[in-house]
4 protein chains.
Amino acid sequence: MDLPAIIADIVAHAASREDRGTVASYIPELAKVDPGQFGIAVATADGRLIEGGDCATGFSIQSISKVFALTLALGKIGDQLWQRVGREPSGNAFNSIVQLEQEQGIPRNPFINAGAVVVADVNLGGHQPRVAIGEMLRFVRYLAGDDGIAINETVAASETATGFRNMALANYMRAFGNIHHPVDLVLGTYFHQCAIEMSCRQLALAGRYLMLDGRHPEGGRVVSSSRAKRINALMLTCGHYDASGDFAFRVGIPGKSGVGGGILAIVPGRASIAVWSPGLNENGNSQLGTLALEELAHRTGWSVFSPPQGPS
Amino acid sequence: MDLPAIIADIVAHAASREDRGTVASYIPELAKVDPGQFGIAVATADGRLIEGGDCATGFSIQSISKVFALTLALGKIGDQLWQRVGREPSGNAFNSIVQLEQEQGIPRNPFINAGAVVVADVNLGGHQPRVAIGEMLRFVRYLAGDDGIAINETVAASETATGFRNMALANYMRAFGNIHHPVDLVLGTYFHQCAIEMSCRQLALAGRYLMLDGRHPEGGRVVSSSRAKRINALMLTCGHYDASGDFAFRVGIPGKSGVGGGILAIVPGRASIAVWSPGLNENGNSQLGTLALEELAHRTGWSVFSPPQGPS
Amino acid sequence: MDLPAIIADIVAHAASREDRGTVASYIPELAKVDPGQFGIAVATADGRLIEGGDCATGFSIQSISKVFALTLALGKIGDQLWQRVGREPSGNAFNSIVQLEQEQGIPRNPFINAGAVVVADVNLGGHQPRVAIGEMLRFVRYLAGDDGIAINETVAASETATGFRNMALANYMRAFGNIHHPVDLVLGTYFHQCAIEMSCRQLALAGRYLMLDGRHPEGGRVVSSSRAKRINALMLTCGHYDASGDFAFRVGIPGKSGVGGGILAIVPGRASIAVWSPGLNENGNSQLGTLALEELAHRTGWSVFSPPQGPS
Amino acid sequence: MDLPAIIADIVAHAASREDRGTVASYIPELAKVDPGQFGIAVATADGRLIEGGDCATGFSIQSISKVFALTLALGKIGDQLWQRVGREPSGNAFNSIVQLEQEQGIPRNPFINAGAVVVADVNLGGHQPRVAIGEMLRFVRYLAGDDGIAINETVAASETATGFRNMALANYMRAFGNIHHPVDLVLGTYFHQCAIEMSCRQLALAGRYLMLDGRHPEGGRVVSSSRAKRINALMLTCGHYDASGDFAFRVGIPGKSGVGGGILAIVPGRASIAVWSPGLNENGNSQLGTLALEELAHRTGWSVFSPPQGPS
């Protein structure tokens, strides 16, 4: 069966599922999203875009933004970043502060919140938050080839008002000297980055450089081949909080989820995939999105742990 | 450059390195091994075997045996195994008991010691240890196509005499009901399994089913395609203790290391690789072996996180 | 009101209470004890013995034995003991192994299980378990002035058969070199010590040296004044597992509880008190026993945290 | 020997000691204090005041203020406080955030920083910080009978500027709903409370209510007898961070230390003692102060764990 038919099946299956998980409630603005939605988009290495469901509806990308922010930060300071952030799975819940205490303010990886806050601190780079936020937005628009991508200021404000836990993390790392700018500026940058809104279509397009060995499909390099490979590795080992091992086991594709219900998944040399459904499972990852990716991987044979095969 | 030339370079580079890490001392018998040794063997999907250095010298496979033991246990009880062992990276040192306390006697994954002891308990299956040990040995010989593989009884006895930490782990899990047989029988099985001796050549041959989607190169299936893929996924996320993330980042290939200094690494559809050098780095993985795999991955382009490419 | 009247009231109140907690179930033999029992005995500094309820019924002293074992071990090796055991409250459940991992096999204090196992290792002193057990029994008989005190072999065997967690603790500490004898001999000693049976009367008498600044009421010193004071301090800060702070807050008297439902409490210069009721509260301490001591402390004014006052 | 002679000896011994510990450096203003100073003052139950050394020199009371703040908060909301703060020793370093994560934002006791921040939140009570700070200052002046006690604004500002760890703790507890006021107001109150300056003389006088069963020596009750007893109990079990057990073992008197180098110690019915020397030991408690109290307790026989005796 060809890819469009598989996608159509996945959309149909998603529509029929009754257990859709729970919409994230800790960011008030996100709690209002209708859980009945599901979208999917697949950008292939040969330039096709196959979509289904609510693939054009914007959603809050939240932690998926950490992939783009990491890419930017590596562009700024290169491997020096790894002196301030680790590369190991955390083995704990995504907002855990315990690890930070045991490891002297060095977060385990750039995809847990603490690590992403350090990355935001790097991206701030002595500028005002609006400068760093503007740079991030331009970068994502460039990756997706779509200037319509924007930040939802209501969501950003919603996080700013309730982000006590992130404030705790940031202050804690500042106590260890691992945050260099004032905490409110760093978190302002971070919350705006998380509040970027994209559709599945835009997100799948923005992820293409990671399937293309670091190259932009329109030409030129976004990152080196080695860096693209390493970002994919981090997505696989750390992209789904403390369910990363399970996602690797079931799906077998590097992916990064966000509490807005989106997941970006990369099949190197084959596809950049975005799925979205707002209900989350008990690990904080999109319930229908995870199931959709499992079905997609199963039917296409797309897994980094199997011999190369399947449609492309 | 072709693969034999790359292997020859790697052997030459290994010979010239001065910092060779530290030979494991906690198993007295292992501490006696000459750290000057280095071997490598690559079995390719198209049936070649390319070797170098001390590729025919036997060494204690130790934790690499966990891959074969897991394969056997899944054959016995299937996915029921996952009710007794998790699939997440541990985020802690390989012999950590903290996780067990927090998670009610369920080890995080089958590749940390506690998880491997549960797997040994499954493989014991009501029989005497010598039955289970015999089955394991026959299985490894069948995978490698080599009846010369044997257990080093001195090493097995050496572990039995000093394995207080493993005794602690096993008793602790028994207190939670997650070990079903008497602890000394389970550990007797486990210590003998770890004391299997293989050369790089034998190990690379034994790993071929994991590159071949679960099929034995001589014909027939060892495991299903789905199971092969999942074992590879576990090797990538959990195969190097709390340096698994770093190994994925640097090398990008599923691998399982042992304190004897060996590493088995699998490039799905391409190669089954064994390296060995007794000196360990600060994470307990072979120092030269890790560097050799990093060089091999870099020069061949073999990484599950890059588009398929390179020699095969 | 005088002390006999207070004791009579306490016995009456205990009889009328409906919530009696839960009898410990993890030692099968203890689970058979009738929860309807309650006993109390107070030995005063001026030589009186005031009793009530089931004060002559024997019960398993369990962890209360740790006080007598500690006294013996300090007699053997003095302050060298503190190189192998700490003196700080544990802040964790009584059988926690986490602390041991973080603190390199040195238990936090001699009253958590791990610490008591180290103390048993000291008391073993190169002899056979029956020698150490015999010495312990003679010591307790001497303290209480009662040769009728004995070990319940059924209880000892019951613990031996199910003590997987203690086996884990002991093996774990042996891995760090903090247990010197074979683990089964150490635990054999420990389980027999815990299986000593005493009545409240016997226990209150046995504790008199701790109220009398280290002196035996029949003459002579059991321990120095300084050592008696320090054992009392340890009972106050560590005697009730992770409810020690609450016991100090509510009752204000050094005490040591056991899962058999007994508590030994010491008012320096005033009284040695034993209470017993088999039902335990959520912290593993006798429910009625704790309430009885709280009432006794309140009505007598006996608290080490108030100006000296009250009967005696 | 009488008490004045003992105090004179202690002052002489302190003067001759060479290892004076290390002055706290994390609050810049405190790091400037001359480590050569030592003061002591003892207020007895019979109304004497015996002093020595730098007993009239003011120092930053820091965490000792937690005793007075707790007394105030209990006066405001009584035992409801214990729904928001525990009463158990922490078993961890004084600024640990791990415990908070494991226990859902409820600090272990009111004397670790997190607990003291909750107490400050209670004392704020809907008012502006200057109101709560004014109330605290009036309370301490009333206890000591000395209107000269003041806050060192430079120290308060010094903490405000660097207190990232306390900001982390406060935000973290706010995420759990256990801080009710804006974090900056709560910490403003807390930092000013810690910056109160007192001499040993003033501090010993301020502590008299705790030796006098809750009564002010000039007449009237500060707290009930029961509450005085309980505050003393908390000082004994939790007053010296994770060296509380050791302090109870060596000294045997309820005490509360501060990183300014002061310690307030209470012998119920006998004495209120203040010592001060700026150098800290490895647990963050005054090095000479701890030794002085150990000597004082030894020579007077003052210990809550010995039969009542010694001078008064």
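In case you missed it, the structure is sitting above this.
Residues numbered from 1 in each chain as written. Chains lettered and ligands numbered in written order. Predicted model: local features only at pLDDT ≥ 70, side-chain atom pairs only at ≥ 80, totals over all residues. Heavy atoms only, no water.

Enquirer: Can you walk me through the overall build of chain A in this structure?
Expert: Across its full length, chain A holds 13 helices and 10 strands. The C-alpha atoms of chain A give a radius of gyration of 18 Å, which matches the 20 Å a tight globule of 312 residues would have. For the C-alpha atoms alone, the extent of chain A along its principal axes is close to 55 × 40 × 35 Å. Within the span of chain A, comprising 312 residues, buried residues form 65% of the whole. (Helix = DSSP H or I, 4+ residues; strand = E, 2+ residues; numbered from the N terminus. Rg over C-alpha atoms; globule rule 2.2 N^0.38 Å. Buried < 20%, exposed > 50% of the residue type's maximum accessible area, 1.4 Å probe, protein only.)

Enquirer: Help me out: how do you make sense of the relation of the copies chain B and chain A in this one?
Expert: Each copy of the chain is related to the other by a rotation around an axis and a translation along that axis. Here chain B sits on chain A after a turn of 180 degrees about the axis and a move of 0.0 Å along it, with an RMSD of 0.0 Å. With respect to symmetry, the two chain copies, as superposed, fit the operation of a two-fold axis. When the interface residues of chain B are mapped onto chain A, 100% of them again lie at the interface, so the same face is used by both copies. (Least-squares fit on C-alpha atoms with pLDDT ≥ 70 in both. Contact = heavy atoms within 4.5 Å.)

Enquirer: Looking at this model, I keep getting lost on the interface of chain D and chain A. Mind explaining?
Expert: Many analyses report the size of an interface as the accessible area lost when the parts associate. At the junction of the two partners, chain D supplies 13 residues and chain A supplies 13 residues. Interface of chain D and chain A: buried area, both sides summed, is about 1,400 Å²; carbon and sulfur atoms make up 67% of it. Where chain D touches chain A, the interface holds zero salt bridges. Here chain D is connected to chain A by two residue pairs in polar contact (both at pLDDT 80 or more). Only helix 3 (98–102) and helix 7 (164–175) of chain D provide two or more residues apiece to the side of chain D that touches chain A. With eight residues, the single largest contributor to the side of chain D that touches chain A is helix 7 of chain D. When its residues are assigned to classes, the side of chain D that touches chain A shows eight nonpolar, two polar and three charged. (Buried area = accessible area lost by both parts, 1.4 Å probe. Salt bridge = Lys/Arg side-chain N within 4 Å of Asp/Glu carboxyl O. Polar contact = N/O pair within 3.5 Å; in protein donor to acceptor, adjacent residues only side chain to side chain. Nonpolar A, V, L, I, M, F, W, Y, C, P; charged D, E, K, R; others polar.)

Enquirer: How do you make sense of the interface of chain B and chain A when you look at a structure like this?
Expert: At the junction of the two partners, chain B supplies 37 residues and chain A supplies 37 residues. Note on chain B versus chain A: buried area summed over both sides is about 3,200 Å², and carbon and sulfur give 58% of it. Three residues stand out in chain B for area buried against chain A, namely Lys229, Phe249 and Phe305 of chain B, and they jointly supply 25% of the buried area on that side. Summed over the shared surface of chain B and chain A, the number is two salt bridges. In this structure, the salt-bridge partner of Asp246 of chain B is Arg87 of chain A, at a minimum N-O distance of 2.4 Å.

Enquirer: Teacher, can you tell me more about the packing of helix 2 (residues 65–77) of chain C against helix 11 (residues 225–238) of chain C here?
Expert: The axes of two packed helices give the description: the angle between them and the distance between them. All names here are of chain C. Here helix 2 crosses helix 11 at 140 degrees, and the two axes come no closer than 11 Å. Comparing the axis directions of helix 2 and helix 11 gives the class oblique. Crossing of helix 2 against helix 11: the hand is right-handed. Counting all contacts with helix 2, which are made through Val67, Leu70, Thr71, Leu74 and Gly75, the residues of helix 11 involved are Arg227, Ile231, Leu234 and Met235. Here the contact of helix 2 with helix 11 is composed, by residue class, of six nonpolar, two polar and one charged. (Axes fitted to C-alpha atoms, helices over the stretch in contact; angles between N-to-C directions. Parallel < 35°, antiparallel > 145°, perpendicular 65-115°, else oblique. Left-handed = near helix turned anticlockwise from the far one by under 90°.)

Enquirer: Looking at this structure, how should I read the sheet that holds strand 6 (residues 196–198) of chain A?
Expert: To summarise the sheet geometry, strands pair through backbone hydrogen bonds and adopt either a parallel or an antiparallel arrangement. Residue and element names in this part refer to chain A. On the basis of which strands lie adjacent, the open sheet formed by three strands has the order 4-6-5 and antiparallel pairing. Edge positions in the sheet fall to strand 4 (59–60) and strand 5 (150–151), since each of these pairs with one other strand and no more. Of the strand pairs in this sheet, strand 5 and strand 6 are connected by two bridges, and their pairing is antiparallel. Across the sheet, Ile151 pairs through a bridge with Ile196, a residue of strand 6. Against the sheet, helix 5 (residues 129–144) contacts strand 5 and strand 6, and its axis sits at roughly 15 degrees relative to strand 6. (Pairing = 2+ DSSP bridges.)

Enquirer: Honestly, the pairing of strand 2 (residues 39–44) of chain C in this entry has me stumped. Any pointers?
Expert: Consecutive residues of a regular strand have side chains that alternate between opposite faces of the sheet. Residues and elements named next belong to chain C. The buried count for strand 2 comes to six of six residues, which makes it a mostly enclosed element. Because side chains alternate across strand 2, one face comprises the buried residues Gly39, Ala41 and Ala43, and the other comprises Ile40, Val42 and Thr44, equally buried. Pairing analysis gives six bridges linking strand 2 to strand 9 (residues 271–276), with the strands arranged antiparallel. Counterpart to Val42 in the pairing with strand 9 is Ile273. Of the strand pairs in this sheet, strand 2 and strand 3 (residues 49–53) are connected by five bridges, and their pairing is antiparallel. When the sheet's bridge partners are listed, Val42 is paired in strand 3 with Ile50. Taking the residues between adjacent antiparallel strands as the criterion, strand 2 and strand 3 are bridged by four residues, where Gly47 takes a positive phi near 95 degrees.

Enquirer: Hey, could you run me through the sheet that holds strand 8 (residues 262–267) of chain A in this one?
Expert: Residues and elements named next belong to chain A. Strand order in this open sheet of five strands is 3-2-9-8-7, and the pairing throughout is antiparallel. In this open sheet, the two edge strands, each paired with only one partner strand, are strand 3 (49–53) and strand 7 (255–257). Geometrically, the sheet is characterised by an average inter-axis angle of 10 degrees between neighbouring strands, direction not taken into account. Packed on one face of the sheet, helix 1 (residues 3–16) meets strand 2 (39–44) and strand 3 and runs near 20 degrees to strand 3.

Enquirer: How should the environment of Ala248 of chain C be read in this particular structure?
Expert: With respect to the element layout, Ala248 of chain C can be found in helix 12 (residues 244–250). Counting along the chain gives 13 residues from Ala248 of chain C to Met235 of chain C, while the straight-line C-alpha distance between them is 9.8 Å. Dropping the residues within four chain positions of it, Ala248 of chain C is found in contact with Leu236 and Phe305 of chain C together with Ala233 and Thr237 of chain D.

Enquirer: Where do I start with the relation of the copies chain D and chain A in this structure?
Expert: Least-squares fitting of chain D to chain A yields an RMSD of 0.0 Å, with the superposition described by an axial translation of 0.0 Å and a rotation of 180 degrees. A shared binding surface is used by both copies, with 100% of the interface residues of chain D retained as interface residues in chain A.

Enquirer: Just checking my understanding: could you explain the pattern of salt bridges for this structure?
Expert: When the charged atoms of two side chains lie near each other, side chains of opposite charge can form a pair. All names here are of chain D. The tally for this structure, following the rule as stated, stands at 44 salt bridges over all chains. Between Glu135 and Lys76 there is a salt bridge whose closest N-O contact spans 2.8 Å. Within this pair, whereas Glu135 is found in helix 5 (residues 129–144), its partner Lys76 is found in helix 2 (residues 65–77), the two being separated by 59 residues in sequence.

Enquirer: Looking at this structure, how should I read the packing of helix 2 (residues 65–77) of chain B against helix 5 (residues 129–144) of chain B?
Expert: Residues and elements named next belong to chain B. Running from N to C, helix 2 and helix 5 cross one another at 110 degrees; their axes reach a closest spacing of 10 Å. In terms of orientation, helix 2 and helix 5 fall into the roughly perpendicular class. Taking contact as the criterion, the partners of Phe68, Ala69, Thr71, Leu72 and Lys76 in helix 2 are, on helix 5, Glu135, Met136, Phe139, Val140 and Leu143. Looking at the contact of helix 2 with helix 5 residue by residue, the classes come out as seven nonpolar, one polar and two charged.

Enquirer: What am I meant to see in helix 1 (residues 3–16) of chain D here?
Expert: Quick reminder: α-helices carry 3.6 residues per turn. Residues three or four places apart thus point the same way. Residues and elements named next belong to chain D. End to end, helix 1 covers 20 Å across 14 residues, agreeing with the expected 20 Å (1.5 Å per residue, within 8%). Within helix 1, burial applies to Leu3, Ile6, Ile7, Ile10 and Ala14. For helix 1, the angular spread of buried residues about the axis comes to 100 degrees, placing them on one side. For helix 1, the exposed residues lying more than 90 degrees away from the buried face are Ala15 and Ser16. Where helix 1 is buried, its residues contact strand 2 (39–44), strand 3 (49–53) and helix 13 (287–300). (Expected span 1.5 Å × (residues − 1). Arc of directions from axis to C-beta.)

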